[in-house]
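Examination of the molecular architecture
The chain contents come next:
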Amino acid sequence: MAKNTSLYFRIVEGRSLPVKDVSGTSDPYCIVKVDNEVVARTATVWKNLNPFWGEEYTLHLPTGFHSLSFYEVQGEIHFGLELLRDAKGIGLRCHFIEARDLAPRDISGTSDPFARILFNNHSAETSIIKKTRYPHWGETLELELETEELSEGGTVTVEVWDWDMVGKNDFLGKVEIPFACLHKTPLVQGWFRLLPLGNNEDDAGGKLGALRLKVRLVEDHILPSTYYQPLIDLLVQSVISPDGSPLTMLEEVTTVESRQDVAMTLVKIYLGQGLVVPFLDYLNTREVNHTLDPNTLFRSNSLASKAMEQFMKAVGMLYLHEVLKPIINRIFEEKKYIELDPCKIDLNRTRRISFKGAVSEAEVRESSVEMLQGYLSNIVESIIGSVTQCPPVMRVAFKQLHKRVEEQFPEPENEDVKYLAISGFFFLRFLAPAILTPKLFHLRDQHADTRTSRTLLLLAKAVQSVGNLGLQLGHGKELWMEPLHPIILYSVASVKDFLDKLIDIDSETKCEVPQRAVFLPSVTVKEGYLQKHKAESPQLLSRFSFKKRYFWLSSETLSYAKTPDPWQVRSSIPIQCVCAVERVDENAFQQQHVLQVVTQDNDGQMHTIYTQCKNVNELNQWLSAIRKASIYNRRMLPSFHPGAYRSGKWTCCLQADRATSGCSRTHSAVTLGDWSDPLDPDAETQTIYKQLLQGRDKLSIRCFKSLSLSPPDGADCSVELLKHRQAAAVRLLGVVLDLEQAHATFQRQERVEAGSLILTP
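Residues numbered from 1 in each chain as written. Predicted model: local features only at pLDDT ≥ 70, side-chain atom pairs only at ≥ 80, totals over all residues. Heavy atoms only, no water.

- Identification of the protein chain as RAS protein activator like 1 from Oncorhynchus kisutch is taken from an unreviewed UniProt entry.

1. Re the overall build of the protein chain
- From N to C terminus, the protein chain includes 17 helices and 26 strands.
- Burial statistics for the protein chain: of 761 residues in total, 50% are counted as buried.
- A sequence separation of at least 24 residues applies to 68% of the contacts in the protein chain between residues at least 6 apart.
- Just so you have it, the protein chain exposes about 37,500 Å², and 52% of that area is on carbon and sulfur atoms. (Helix = DSSP H or I, 4+ residues; strand = E, 2+ residues; numbered from the N terminus. Buried < 20%, exposed > 50% of the residue type's maximum accessible area, 1.4 Å probe, protein only. Contact = heavy atoms within 4.5 Å. Areas by Shrake-Rupley, 256 points an atom, 1.4 Å probe, with all protein chains shown as cover.)

2. A few points about the sheet that holds strand β2 (residues 30–34)
- Across the sheet, three strands lie side by side as β3-β2-β5; this open sheet has antiparallel pairing. Since the sheet does not close on itself, it has two edges, and those belong to β3 (37–41) and β5 (68–72), each with one partner. Put simply, the sheet's adjacent strands are angled 30° from each other on average, direction ignored.
- Sheet analysis places β2 next to β5, joined by five bridges and oriented antiparallel. Note on β5: the bridge partner recorded for Ile31 is Tyr71. (Pairing = 2+ DSSP bridges. Axes fitted to C-alpha atoms, helices over the stretch in contact; angles between N-to-C directions.)

3. Observations concerning the packing of helix α4 (residues 245–253) against helix α16 (residues 696–704)
- In contact at an axis separation of 9 Å, α4 and α16 are set at 130° when each is read in the N-to-C sense. Taken together, the axis directions place α4 and α16 in an arrangement best described as oblique. Both α4 and α16 take part in a crossing whose hand is right-handed. Residue-level inspection shows Met249, Glu252 and Val253 of α4 in contact with α16, the latter providing Lys698, Leu699 and Arg702.
- Its residues assigned to classes, the contact of α4 with α16 shows three nonpolar, no polar and three charged. (Parallel < 35°, antiparallel > 145°, perpendicular 65-115°, else oblique. Left-handed = near helix turned anticlockwise from the far one by under 90°. Nonpolar A, V, L, I, M, F, W, Y, C, P; charged D, E, K, R; others polar.)

4. Things to note about unusual backbone geometry
- Located in the positive-phi region is Phe298, a residue other than glycine, with phi close to 60°.
- One non-glycine residue with positive phi stands out, namely His442, at about 60°.
- Among the secondary structure elements, His442 is positioned in the loop between α11 (417–436) and α12 (450–467).
- On the basis of relative accessibility, which here comes to 51%, the residue His442 falls in the exposed class.

5. Section: the nonpolar core
- Judged by nonpolar contacts, the single largest core of 118 residues is most densely connected at Phe279, Phe311, Leu324 and Phe398.
- With 17 residues, helix α7 (residues 303–334) is the largest single contributor of residues to this core.
- Not counting the four nearest positions on each side in its chain, Phe279 is found in contact with Val239, Leu247, Leu266, Val267, Tyr270 and Ala307. (Core = buried A, V, L, I, M, F, W, Y, C linked by side-chain atoms within 4.5 Å.)

6. Quick look at the packing of aromatic side chains
- A full pass over the atoms with the stated rule returns 19 aromatic pairs.
- Consider the rings of Phe9 and Tyr57, whose centres lie 5.3 Å apart with planes at 20°: the pair is stacked. Remark: Tyr57 occurs in strand β4 (residues 52–61) and Phe9 occurs in strand β1 (residues 2–15); sequence separation between them is 48 residues.
- A residue is classified by how much of its surface remains accessible, and Phe9, at 3% relative accessible area, is buried. (Phe/Tyr/Trp six-rings, centres within 6.5 Å; stacked < 30°, edge-to-face > 60°.)

7. Digging into the environment of Gln400
- Tracing the chain through its elements places Gln400 in helix α10 (residues 392–408).
- In this structure Gln400 comes out as buried when scored by relative accessible area, which is 14%.
- In sequence terms Gln400 and Tyr282 are 118 residues apart; their C-alpha atoms lie 9.8 Å from each other.
- Filtering out sequence-adjacent residues up to four positions away, Gln400 remains in contact with Val277, Asp281 and Ser507.

8. So, α4
- Burial analysis of α4 places eight of its nine residues in the buried class, which makes it a mostly covered element.
- Those residues of α4 that fall on the buried side of the exposure criterion are Ser245, Pro246, Leu247, Thr248, Met249, Leu250, Glu251 and Val253.

9. Comments concerning the confidence of the model for the protein chain
- In the predicted model, the protein chain carries a mean pLDDT of 83, and the fraction of residues at 70 or more is 87%.
- Under a pLDDT of 50 for its full length, residues 200–206 has, in the predicted model, seven contacts with residues more than four places off or in other chains.
- In the predicted structure, residues 513–522 sits below a pLDDT of 50 and forms 25 contacts with residues beyond four places in sequence or in another chain. (pLDDT = per-residue confidence, 0-100.)

10. Side note on the sheet that holds strand β8 (residues 113–119)
- Taken in spatial order, the four strands make up an open sheet running β9-β8-β11-β12, and their pairing is antiparallel. Each having just a single partner strand, β9 (122–125) and β12 (170–178) make up the two edges of the open sheet. Each neighbouring strand pair of the sheet contributes to a mean axis angle of 20°, computed without reference to strand direction.
- Sheet topology places β8 next to β9; four bridges connect them, and they run antiparallel. By the bridge assignment for β9, Phe119 is matched with His122.

11. A word on the pairing of strand β6 (residues 76–86)
- Most of β6 sits inside the fold, with eight of its 11 residues counted as buried.
- Sheet topology note: the β6/strand β7 (residues 89–100) ladder contains 11 bridges and is antiparallel. In the strand pairing of β7, Leu84 is matched with Gly91.
- The turn linking β6 back onto β7 is made up of two residues.
- Relative to strand β13 (residues 187–193), β6 runs antiparallel, the two being bridged by seven bridges. Looking at the pairing, Gly80 lines up with Gln189 of β13.

12. Focus: the environment of Thr132
- Inspection of the secondary structure assignment puts Thr132 in the loop between β9 and β10 (136–145).
- Judged by relative accessible area, Thr132 falls into the buried class, the value being 1%.
- What Thr132 contacts, discounting residues up to four positions off in sequence, is Thr110, Ser111, Pro113 and Glu586.

13. What to know about helix α6 (residues 276–289)
- Counted at 1.5 Å a residue, the expected span for α6 with its 14 residues is 20 Å, and the 20 Å between its end C-alpha atoms agrees.
- Counting buried residues along α6, 11 of its 14 residues qualify, which places the element largely inside the surrounding structure.
- Contacts from the buried residues of α6 go to α3 (225–240), α4, α5 (259–273), α7 and α10. (Expected span 1.5 Å × (residues − 1).)

14. Considering the state of the cysteines
- Going through the model one piece at a time under the given rule, you end up with zero disulfides.
- Not engaged in a disulfide, the cysteine Cys652 finds its nearest cysteine sulfur in Cys663; these two sulfurs lie 3.5 Å apart. (Disulfide = S-S within 2.5 Å.)

15. Considerations on the side chain of Thr452
- Note on placement: Thr452 falls in helix α12.
- Thr452 sits in the buried class, given a relative accessible area of 2%.
- Those residues in contact with Thr452 that sit more than four places away from it in its chain are Ile331, Phe332 and Lys335.

16. A closer look at the environment of Glu142
- The residue Glu142 is located in strand β10 in this model.
- C-alpha of Glu142 to C-alpha of Glu82: the two residues are 60 residues apart in sequence and 9.4 Å apart in space.
- At 2.8 Å, the side chain of Glu142 and the side chain of Arg93 are in polar contact. (Polar contact = N/O pair within 3.5 Å; in protein donor to acceptor, adjacent residues only side chain to side chain.)

17. Quick word on the packing of α11 against helix α13 (residues 485–502)
- Interhelical geometry of α11 versus α13 gives an angle of 95° and a closest axis separation of 11 Å. By the angle class used here, α11 and α13 are roughly perpendicular. Mapping the contact onto sequence places Tyr419, Ile422, Ser423, Phe426 and Phe427 in α11 and Val495, Lys496, Phe498, Leu499 and Asp500 in α13.
- Split into classes, the residues belonging to the contact of α11 with α13 amount to seven nonpolar, one polar and two charged.

Right, dumping it as structure tokens:
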């Protein structure tokens, strides 16, 4: 029985963060570490002490992980502090080793850090390491003290600064060690979190601000596949038969809080079974048939609504990028000041960007309307021209939805309802959220700045109005949006025509799931340009030793070539030869975001390929993808070298033997969860089982409820139908109880085996 440990977390926002910049603001981001390895990093929110991230992650964790930490980055420093007492006198010795995750203070996105130790009137400084946020000093500094200073107490302060050639140096953070600690423990060493000015560890909780998180740790014991097959069979039968009782009962026992997870899991299960369209059709038909007022259709967070959202993300993300990315990139690059709300127009901003002197409020609104009209026109044109780009499986699902709504609301006055049902999902729950927060849909690596965020918000509002077919224009409170009403109404006819073409597809069309969602040997699960280290040319300077190459990853090979052109000769690394996939310390090549893939050939020789990613998020994605591909390899290493072997020694541990064992523990089991993960029917069915287990009391009531009761007034339930549903509930409850018994049996076996191991000499 396998054990899966997953962590679901949402980094929501920060509040009242400390000032870091001379401008009185800060550029915060948050990182997540598992056993001290960075596994996720939010985008940077520029010049904001109350940042909103709203970023969600899923982490697959190793069984024996020890620690998980979330914090807003100030940086850390690694040093050892020692109190010296000998015949020569009394002193303080500080061995500065390195620092990491320092704040970027230069326009290049790096810093020129140096460290300083202070005690009373004594101080000493390290050398300056240029252009890095991960300096490695390896320097020892000593302060000579007077005997009377031993009894005075006080604090030893270690500071990190960014050196500037012109102007004042920038403060990066500090660590304070009470001098009394050195009397108790002569040597204090380790990694220390850097704090801002005016803070120490005791009062940091009140002055470092607050971080709001949502975290859920899930530990599952996964049974062999045969145990889950009865539940899979019931779920499959639910969408094949006209009744679908097991799905109906699953929705009844699902809490609102867990509905999104259940919807995501069901979409994956039915994608794997090739039944995702019948599954969605069943849920949507049930939702439509239970809706009397067309104005409330799909307005709740029902299982049908959540399943459609997750389905679009699963199969339509690449399509979304094709449609929106060019215009989103343009908005980010242009950084126009756009505002329509008179209460929010800041004429001071317009003066800073205008060479024509003062600008009136009317001129700001006029230019804003013109720019928004241009952006909106580009988006609508991109959408209506994308019919053939839309995945066929999405088009068939929308066609079925259109049919069900038309059957339920055939009246002429409800002519627009069948369009609104589709556009409500397509525009309001898919396109508009991606425009509002491009980072969360991987359209951008960073969140927008304040100005661009406002432009995106106004544009998302306009796209929502287009998706509503302009029916709500003039009914809201935001009357200042009226200048955009003409172009919104003009776009409605084009959107209706687009929706008609979108569903003009044969329902029997073979709708293959996007290959990235199924982990087959011949399928490329990740690809893109990386910088590959040219190891055969050690004489080159580090910054010139990386060459641009295009990489492909499948479950069988990691290959690369100069370009993605099919005629290019590829070099390939068999995945079965991979022994470790880890990140590399910056000081190994004086480069950030480098990963290493360690392999072992048939002769037992070890080889390492180094590649550089463009940012930390891309680094984590490649680490995770290659680790997932090699997760079942038998030759995975327990340790690795985070440095590189250069000049006859390892840069990390300074060992001269190239074949010596690694100096750091590997992290092969730490991976990020996303929609490109391979489908895992056993783990997904286990999730559904747990939901049913939590609701088994309700299932029991359905099983044993007396059939002598008459159906409620107005209900179309016959006695035969009630009997059929009761039988379905009995079968479902029986499957749940069988799985519960199987889990109990396996856990007893594990305890017995563990006890036998303890008793064995």
